[in-house]
Amino acid sequence: MDILKEINGASTIGIGGHIRPDGDCIGSVMGLYLYLSKVCPGVEIQIFLEKPADIFSCISRIGQIRTDFHTEVEQFDVFFALDTTKERMGKAESYFDQAKKRINIDHHISNSGCGDVNYLMPEASSTSELIYDLMKDRSQIDVEIAKALYIGIIHDTGVFQYSNTSPSTLKAAAELISYGFDFPKLIDETFYEKTYVQNQILGRALLESFLFMNGKCAVSMVDKKTMSFYEAQPHDLDGIVNQLRKTKGVECAIFLYQLDTLEYKVSLRSNGKVNVEKVASFFGGGGHERAAGVTMQGTFHDIVNNLSAQIAVQLRETSRWDVPGGSHVPRNY
Ligand code: 5GP
Ligand code: MN
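So, here's what we can say about the structure. Keep in mind that what you see is a predicted model, and the values were worked out from it rather than measured.

Section: the nonpolar core
And step 1. Membership of the largest hydrophobic core comes to 52 residues, with the highest contact counts inside it found for Ile13, Ile15, Met30, Leu36, Phe80 and Ile105.
And step 2. For this core, the element with the most residues is helix α2 (residues 23–39), which contributes nine residues.
And step 3. The residues contacting Ile15, other than those within four sequence positions of it, are Val29, Leu32, Tyr33, Leu36, Ile45, Gln46, Ile47, Phe48, Phe79, Phe80 and Leu82.
And step 4. Counting 22 residues, the second largest nonpolar core, distinct from the first, contains Ile254, Val274, Phe300 and Leu315.

Below is the structure:
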């Protein structure tokens, strides 16, 4: 895809991502915004996202993000949906729907494309990596654009740790740090650093976690009462599910936080044997093979029971092939 060709002739452009935006969503939206602002100076560009967490205030012009969703422009010539399907765009979905041309750029395997033009690369580490690949005019990339995209990449790869990290991810990151920014500081301040409250909730969630399926699953939950006791926002819970995943012997980690009475946001993480994207998709969510999410209705116990049935299906399927000394080829091939 040639972005500049796709937006040729547009006088208004909108860019949006998903609800509860994470580092990759914010990094890709801001990276594209900063780039297009430079390469098409006469064009009005607006960005729509829910308010980003404070850690992202180091990104240049982050204050330009529109969170109020009231705009003079009713219909954009082009609207980008980054790192998402249109259903997860929240209030920006109507702008996307009404746009004369809709462009969808994403790396989620569960996304089958919702634009007039779709650029979907499930093998890419992050949407930020895709956006970097699409910036064909490298001479326009500057340190602020590089920083935004680098933040996106480190957040979706867990600082180059997860299996979605590829040689091209590292090549992109190498090129991005050559623009010259303090990347160790950026990694610490946007990825590893936790507030005292975030650490307290993490500790509490780990204390209250339990194992089931012979130690292959770890689960924990934070309810609304606890969230309000700590005055915590959803982004304060980032990292809990990943810590559960690191428990020795665990194949699949489940973390829930309560959105409402009988409504929970579910995060799933896998160490490789369970395709959590399949589990999440079964209940209407999505994501990637090793990291996925979904919103579910019911009691905590009902939800965990329903999820474990799907996880069990996959663990059994996998174990059929896992015969010591046996063939690695599945029987039905
Ligand atoms: P997290 O557990 O960190 O919220 O999300 C893990 C991955 O799954 C991310 O790539 C995220 O975009 C995706 N994801 C999380 N929740 C949902 C959901 O409700 N629907 C879809 N389609 N994807 C989700
Ligand atoms: Mn992403």
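Some details on unusual backbone geometry
And step 1. Even without glycine at this site, Asn214 takes up a positive phi of about 55°.
And step 2. A positive phi is found at Glu231, a non-glycine position, where the angle reads about 50°.
And step 3. Along the chain, the position of Glu231 falls in the loop between α9 (224–229) and α10 (240–245).
And step 4. Residue classification places Glu231 among the exposed residues on the basis of a relative accessible area of 68%.

Thoughts on the coordination of the manganese ion (ligand 2)
And step 1. Coordination of the manganese ion (ligand 2) by the protein involves Asp24 (OD), Asp83 (OD), His107 (NE2) and Asp156 (OD), with metal-donor separations of 2.1 to 2.4 Å.
And step 2. All donors to the manganese ion (ligand 2) come from one chain, and their sequence spacing reads D-x58-D-x23-H-x48-D. With His107 in the loop between β5 (101–106) and β6 (117–120) and Asp156 in helix α5 (residues 143–157), this pair connects stretches of sequence that are 49 residues apart.

Details of the side chain of Asp106
And step 1. Along the polypeptide, Asp106 turns up in strand β5.
And step 2. The side chain of Asp106 is buried and forms no salt bridge, while Arg88, the nearest opposite charge, is found at 7.1 Å.
And step 3. Of the polar contacts made by the side chain of Asp106, one reaches the side chain of His108; its length is 2.7 Å.
And step 4. Engagement of the side chain of Asp106 in a polar contact is seen with the side chain of Asn111, the distance being 2.9 Å.
And step 5. Apart from residues no more than four positions distant in its own chain, Asp106 is found in contact with Asp83, Thr84, Thr85, Asn111, Tyr119, Leu120, Met121, Thr127 and Leu130.

As for the pattern of salt bridges
And step 1. Taken as a whole, this structure holds 13 salt bridges when the rule is applied.
And step 2. Here Lys171 and Glu175 are joined by a salt bridge, their closest N and O atoms 3.3 Å apart. You can see Lys171 and its partner Glu175 sitting in helix α6 (residues 167–177), four residues apart, about one turn around the helix.
And step 3. Here Lys171 falls in the exposed class, since its relative accessible area comes to 53%.
And step 4. Between Glu251 and Lys273 there is a salt bridge whose closest N-O contact spans 3.8 Å. Taken together, the residues span a long stretch of sequence, with Glu251 in the loop between α10 and β9 (252–260) and Lys273 in the loop between β10 (263–270) and α11 (276–282) at a distance of 22 residues.
And step 5. Under the relative-accessibility criterion, Glu251 is labelled buried at 14%.
And step 6. Residue Lys273 is classed as partly exposed on the basis of its relative accessible area, which comes to 35%.
And step 7. One network of salt bridges, in which partners are shared, links Lys86, Glu93 and Asp97.

Considerations on the packing of aromatic side chains
Two descriptors summarise a pair of aromatic rings, namely the distance from one centre to the other and the angle between the planes of the rings.
And step 1. Applying the stated criterion across every chain, the model contains 15 aromatic pairs.
And step 2. With a centroid separation of 5.3 Å and an interplanar angle of 65°, the aromatic rings of Tyr150 and Phe181 are classed as edge-to-face. Of this pair, Tyr150 sits in helix α5 while Phe181 sits in the loop between α6 and α7 (183–192), and the two are 31 residues apart along the sequence.
And step 3. Of the residues examined, Phe181 reaches a relative accessible area of 13% and is grouped as buried.

Structural notes on the site of ligand 1
And step 1. The immediate surroundings of ligand 1 are formed by 13 residues, with Arg88, His108, Lys265, Ser267 and Arg269 found nearest.
And step 2. A distance of 2.6 Å separates an oxygen atom of ligand 1 from a polar atom in the side chain of Ser267.
And step 3. Within the contact set of ligand 1, an oxygen atom lies 3.4 Å away from a backbone nitrogen or oxygen of Gly293.
And step 4. In isolation ligand 1 has 500 Å² of accessible area, and contact with the protein removes 79% of it.
And step 5. Ranked by the residues each element gives to the shell around ligand 1, the list is headed by strand β12 (residues 291–297), at four residues.
And step 6. Among the residues forming the shell around ligand 1, the class breakdown is three nonpolar, seven polar and three charged.

The rules behind each value
Residues numbered from 1 in each chain as written. Chains lettered and ligands numbered in written order. Predicted model: local features only at pLDDT ≥ 70, side-chain atom pairs only at ≥ 80, totals over all residues. Heavy atoms only, no water. Core = buried A, V, L, I, M, F, W, Y, C linked by side-chain atoms within 4.5 Å. Buried < 20%, exposed > 50% of the residue type's maximum accessible area, 1.4 Å probe, protein only. Helix = DSSP H or I, 4+ residues; strand = E, 2+ residues; numbered from the N terminus. Contact = heavy atoms within 4.5 Å. Donors = N, O, S within 2.8 Å, 3.2 Å for Na, K, Ca; no water. Lys, Arg positive; Asp, Glu negative; His and termini not counted. Salt bridge = Lys/Arg side-chain N within 4 Å of Asp/Glu carboxyl O. Polar contact = N/O pair within 3.5 Å; in protein donor to acceptor, adjacent residues only side chain to side chain. Phe/Tyr/Trp six-rings, centres within 6.5 Å; stacked < 30°, edge-to-face > 60°. Near = heavy atom within 4 Å. Areas by Shrake-Rupley, 256 points an atom, 1.4 Å probe, with all protein chains shown as cover. Nonpolar A, V, L, I, M, F, W, Y, C, P; charged D, E, K, R; others polar.

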